[in-house]
Structures are given as C-alpha cells and as structure tokens.
Amino acid sequence: MTIPGLDLISQLRKSRPKQIPDHPHLFMTGLNQKVFLSQWGAPETQVSLNQLGKLSKLGTVFLITEPAEEAHISVWIYKKKNSILLFAKEKLVSHFSFRRFKHELEQG
C-alpha cells in the first residue's frame, strides 16, 4: 500500500540533473558597478556614453563623456581579469572576454 503524500514527497526530494543555461554569463546581470569596484578596483579603461537623442534614420546618438560623470552606458575593461563589462545606468547588462574581443578585432 502506498501513501499518496509520501510518493509526492519522494519525487520532490530526488536529485534533479542540473541544467546548463543557454547563456550562463547572464547570472551576473543586474549587478551594480560598486560590486566590481569593491572586488576588482577601478577598471583599467573606462568609456562612458550618454544618450543625446534619436535621429530618424540613424537611430540613437550617443556622446562620449568623462568617466566620472553619471553615464547612460558605461564600458569597463579589466585586461588583467580578461573582462569587458557593459553597464546601463550602473547595472551590468553584459560581459565578455577581453582576449576574445581583441582576437576577433585583429582578425576582422
């Protein structure tokens, strides 16, 4: 005789295979710039872009500004950590390998 509740509990307790996400780097999305500053220090290279507006056929236009200013989009490069970080309004939206970016730039 089986007890219905126990069967359900045993099914829930079974270990499930860990799924690898389609984009494993996205788990860091949303981290604030301050997290990287406290852990890695200031970036070796920093570019800040502020949105000027939209031109009908050209799309959005950005102005490169001083890194100290609050920027709409910031690109931080940590060569020693092999990382390029892209922030929007101080939140991480993407990151990728500096070496891979450099290699593809040299190849293209």
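Here, the structure is the one placed above.
An account of the accompanying structure is given in this report.

Definitions and limits used
- Residues numbered from 1 in each chain as written.
- Predicted model: local features only at pLDDT ≥ 70, side-chain atom pairs only at ≥ 80, totals over all residues.
- Heavy atoms only, no water.
- Helix = DSSP H or I, 4+ residues; strand = E, 2+ residues; numbered from the N terminus.
- Buried < 20%, exposed > 50% of the residue type's maximum accessible area, 1.4 Å probe, protein only.
- Contact = heavy atoms within 4.5 Å.
- Areas by Shrake-Rupley, 256 points an atom, 1.4 Å probe, with all protein chains shown as cover.
- Salt bridge = Lys/Arg side-chain N within 4 Å of Asp/Glu carboxyl O.
- Patch = residues over 30% accessible without salt bridge, like charges linked within 9 Å, V, L, I, M, F, W, Y side chains within 5 Å.
- Pairing = 2+ DSSP bridges.
- Core = buried A, V, L, I, M, F, W, Y, C linked by side-chain atoms within 4.5 Å.
- Phe/Tyr/Trp six-rings, centres within 6.5 Å; stacked < 30°, edge-to-face > 60°.

## Some remarks on the overall build of the chain
Point 1. When helices and strands are tallied, the chain shows three helices and five strands.
Point 2. Reading the secondary structure of the chain in the N-to-C direction produces α-α-β-β-β-β-β-α.
Point 3. Within the chain, the proportion of its 108 residues that are buried is 20%.
Point 4. Restricting to contacts in the chain with at least 6 residues of sequence separation, those with at least 24 account for 38%.
Point 5. Taken as a whole, the chain presents about 8900 Å² of accessible surface, with 58% of it coming from carbon and sulfur.

## Overview of unusual backbone geometry
Point 1. Phi at Asn 82 is positive, roughly 55°, even though this residue is not glycine.
Point 2. Tracing the backbone shows Asn 82 in the loop between β3 (73–78) and β4 (83–88).
Point 3. Look at Lys 89: it is not a glycine, yet its phi comes out positive at around 50°.
Point 4. Relative to the helices and strands, Lys 89 is located in the loop between β4 and β5 (91–97).

## Description of the pattern of salt bridges
Point 1. The tally for this structure, following the rule as stated, stands at one salt bridge.
Point 2. Note that Glu 104 is salt-bridged to Arg 100, the shortest N-O span being 3.0 Å. With Glu 104 and Arg 100 both in helix α3 (residues 98–107) and four residues apart, the pair spans about one turn of that helix.

## Concerning a nonpolar patch on the surface
Point 1. A cluster of nonpolar side chains, namely Phe 96, Phe 101 and Leu 105, defines an oily patch on the protein surface of about 310 Å² accessible area.
Point 2. In this structure, Phe 96 sits in strand β5.
Point 3. The partly exposed category is assigned to Phe 96, whose relative accessible area is 37%.

## Focus: the pairing of β5
Regular strands show a simple pattern: their side chains alternate between the two faces of the sheet.
Point 1. Of the pairings in the sheet, the one linking β4 to β5 comprises six bridges and is antiparallel in character. Note on β5: the bridge partner recorded for Ala 88 is Lys 91.
Point 2. The hairpin turn running from β4 into β5, its antiparallel successor, is two residues long, and Lys 89 in that turn takes a positive phi close to 50°.

## Digging into the nonpolar core
Generally speaking, soluble globular proteins have nonpolar side chains that are buried together.
Point 1. Of all hydrophobic cores here, the largest spans seven residues; its members are Met 28, Phe 36, Trp 76, Tyr 78, Leu 85, Phe 87 and Leu 92.
Point 2. Elements with a minimum of two residues in this core: β3 and β4.
Point 3. Excluding residues within four positions of it along the chain, Leu 85 makes contact with Phe 36, Trp 40, Ser 74, Val 75, Trp 76, Tyr 78, Leu 92, Ser 94 and His 95.

## Let's talk about the packing of aromatic side chains
Point 1. Counted under the stated rule, the structure contains six aromatic pairs.
Point 2. Between Phe 36 and Phe 87 the ring centres are 5.8 Å apart and the planes differ by 75°, which places this aromatic pair in the edge-to-face class. Separated by 51 residues along the polypeptide, Phe 36 in helix α2 (residues 33–40) and Phe 87 in strand β4 bring together distant segments of the chain.
Point 3. Exposure remark for Phe 87: the relative accessible area of 1% places this residue in the buried category.
Point 4. Their ring planes at 65° and their centres at 6.5 Å tell us that Trp 76 and Tyr 78 sit as a pair that is edge-to-face. When sorted by exposure, Trp 76 lands in the same class as Tyr 78, which is buried.
Point 5. Through pairs of rings, three or more aromatic residues link up here, namely Phe 36, Trp 40, Trp 76, Tyr 78 and Phe 87.

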